[in-house]
Amino acid sequence: AQTVTQSQPEMSVQEAETVTLSCTYDTSESDYYLFWYKQPPSRQMILVIRQEAYKQQNATENRFSVNFQKAAKSFSLKISDSQLGDAAMYFCALLSNSGYALNFGKGTSLLVTP
Amino acid sequence: DAGITQSPRHKVTETGTPVTLRCHQTENHRYMYWYRQDPGHGLRLIHYSYGVKDTDKGEVSDGYSVSRSKTEDFLLTLESATSSQTSVYFCAISDPDRHTDTQYFGPGTRLTVL
């Protein structure tokens, strides 16, 4: 069985500051993918960033970057220069190479204050 | 953004009535998925399809059926809706054959069963 754990139900950050959202996972697979999705109040699930487990280099997308620690099974998301529009629920998700279902964590609600 | 639409976007129905939700994509992706999102559970897979007329069950398939007669359309049917099926339903698409393992989501359908 695969599990994804997000231990921070809520986080808060001031505009222009940096925040890190935590995610740990468990899988017996050696080949898999990890994702962060953003869900704003509009409810749309938006892909933020994607990491392939076989790649050692951490993925980066503009102000968003990850710290992927494969041995520790940790996949944290760092948001730099936070903006009001970053306020949303963030979900960490795992997809094994042998399966089709995304396994989601329960989410972290991010509040951005002016 | 991937071309995925869901209809209806909102629906209120009564216990025992049949309900069909539609997902339509314009990306020609082979795989399509139905997830439900409930508080405290993240998103969970209901059914998925890996081609026209090829479908399989996900984690929470009881009480749901699906059909896919065309590449672009994936239907989710609740034969006899129950209050426990009140949820937000998301469709997603991907195409591993084209190395697109990332799942892209539709806008969601909020279903309320009274």
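Up top you'll find the structure we're talking about.
The text that follows walks through the structure, step by step, so that each part is easy to find. It should be emphasised that the depicted structure is a prediction, and the values quoted were computed from it without experimental measurement.

**Notes on the overall build of chain B**
Counting its secondary structure elements, chain B contains zero helices and 11 strands. Of the regular secondary structure in chain B, the N- to C-terminal order runs β-β-β-β-β-β-β-β-β-β-β. Its C-alpha atoms give chain B a radius of gyration of 13 Å, within 12% of the compact-globule value 13 Å for 114 residues. With the principal axes as the frame, chain B shows a C-alpha extent of 40 × 30 × 25 Å. Buried residues in chain B amount to 49% of all 114 residues. In chain B, of all internal contacts separated by at least 6 residues, the share reaching a separation of at least 24 is 56%. Accessible surface, chain B as shown: approximately 5,300 Å² in total, 47% of it carbon and sulfur. On chain B, the mean spot of the 12 positive side-chain charges and the mean spot of the 14 negative ones are 4 Å from each other.

**Concerning the state of the cysteines**
All chains considered together, the criterion is met by two disulfides over all chains. In this model Cys23(A) forms its disulfide with Cys92(A); the gap between the sulfur atoms is 2.0 Å. An S-S torsion of about -70 degrees defines the bridge between Cys23(A) and Cys92(A) as left-handed. Of the two residues, Cys23(A) is situated in the loop between strand 3 (19-21) and strand 4 (24-26) and Cys92(A) in strand 10 (residues 88-96); the sequence distance between them amounts to 69 residues. For the residue pair Cys23(A) and Cys92(A), the accessibility class agrees, reading buried in each case. Here Cys23(B) is linked by a disulfide to Cys91(B), with a sulfur-sulfur distance of 1.9 Å. Classification of the bridge connecting Cys23(B) and Cys91(B) rests on its S-S torsion, roughly -70 degrees, and on that basis the disulfide is left-handed. With Cys23(B) in strand 3 (residues 19-25) and Cys91(B) in strand 9 (residues 87-95), this pair connects stretches of sequence that are 68 residues apart. Taking the relative accessible area as the measure of exposure, Cys23(B) reaches 0% and is therefore buried. A relative accessible area of 0% means that Cys91(B) is categorised as buried.

**Some details on the interface of chain B and chain A**
The partner chain A presents 17 residues to the 23 residues of chain B that form the contact. The junction of chain B with chain A conceals about 1,700 Å² of combined surface from both sides, 55% of it contributed by carbon and sulfur atoms. Counting across the chain B and chain A interface gives one salt bridge. The partner of Arg50(A) in a salt bridge is Asp101(B), with the nearest N and O atoms 3.8 Å apart. Along the contact surface separating chain B from chain A lie eight residue pairs in polar contact (both at pLDDT 80 or more). Breaking the side of chain B that touches chain A down by element, the ones donating at least two residues are strand 4 (31-38), strand 5 (42-51), strand 9, strand 10 (100-105) and strand 11 (109-113) of chain B. The element best represented in the side of chain B that touches chain A is strand 10 of chain B, accounting for five residues. Within the side of chain B that touches chain A, the residues separate by chemical class into 11 nonpolar, nine polar and three charged.

**What about the nonpolar core?**
Residues and elements named next belong to chain A. Ranked by internal contacts, the top residues of the largest apolar core, which has 25 residues, are Trp36, Phe75, Leu77 and Tyr90. Put simply, the parts of the chain that give this core at least two residues each are strand 3, strand 5 (32-39), strand 6 (46-52), strand 8 (64-69), strand 9 (74-79), strand 10 and strand 12 (108-113). Sort the elements by how many residues they give to this core and strand 10 lands first, with four residues. If we skip the residues at most four places from it in the chain, phenylalanine 75 touches Cys23, Tyr25, Leu34, Phe35, Trp36, Gln51, Val66, Asn67, Phe68 and Cys92.

Conventions we followed
- Along each chain, numbering runs from 1 in the same order as the chain's sequence is written.
- Ligands are numbered from 1 and chains lettered from A, in the order in which they are written.
- Since the coordinates come from a predicted model, pLDDT governs what is reported: local features require at least 70, and pairs of side-chain atoms require 80 or more to be given and counted, while whole-chain, interface and lining totals use all residues.
- The basis for every side-chain value is the complete set of heavy atoms in the structure, and neither hydrogens nor water enter the calculation.
- Comment: elements are numbered from the N terminus, with helices defined as DSSP H or I runs of at least four residues and strands as E runs of at least two.
- This radius of gyration counts C-alpha atoms alone. The globule rule is 2.2 Å times how many residues there are, raised to the power 0.38.
- Think of it in three bands: residues with accessible area under 20% of the maximum for their type are buried, residues over 50% are exposed, and the middle band is partly exposed, with areas taken using a 1.4 Å probe on protein chains only.
- Should any heavy atoms of two residues lie within 4.5 Å, those residues are counted as being in contact.
- Note on areas: Shrake-Rupley, 1.4 Å probe, and residue coverage restricted to the protein chains presented here.
- His is not counted here, nor are the chain ends, while Lys and Arg score as positive and Asp and Glu score as negative.
- Taken as the charge location is NZ of Lys, CZ of Arg, CG of Asp or CD of Glu.
- When two cysteine sulfur atoms lie within 2.5 Å, the pair is treated as a disulfide.
- Buried area is a sum: the accessible area each of two parts loses on coming together, probed at 1.4 Å, counted once for each and added.
- Definition used for salt bridges: Asp or Glu carboxyl oxygen within 4 Å of a side-chain nitrogen of Lys or Arg.
- Throughout this description, a polar contact denotes any pair of N or O atoms lying within 3.5 Å of each other; where both atoms belong to protein, one of them has to be capable of donating a hydrogen while the other can accept it, and for residues adjacent in sequence the pair is counted only when both atoms sit in side chains.
- The nonpolar class holds Ala, Val, Leu, Ile, Met, Phe, Trp, Tyr, Cys and Pro. Asp, Glu, Lys and Arg form the charged class, and all remaining residues, Gly among them, are polar.
- We call a set of buried Ala, Val, Leu, Ile, Met, Phe, Trp, Tyr and Cys residues a nonpolar core when their side-chain atoms join them within 4.5 Å.

In short, geometric facts, not functional conclusions.
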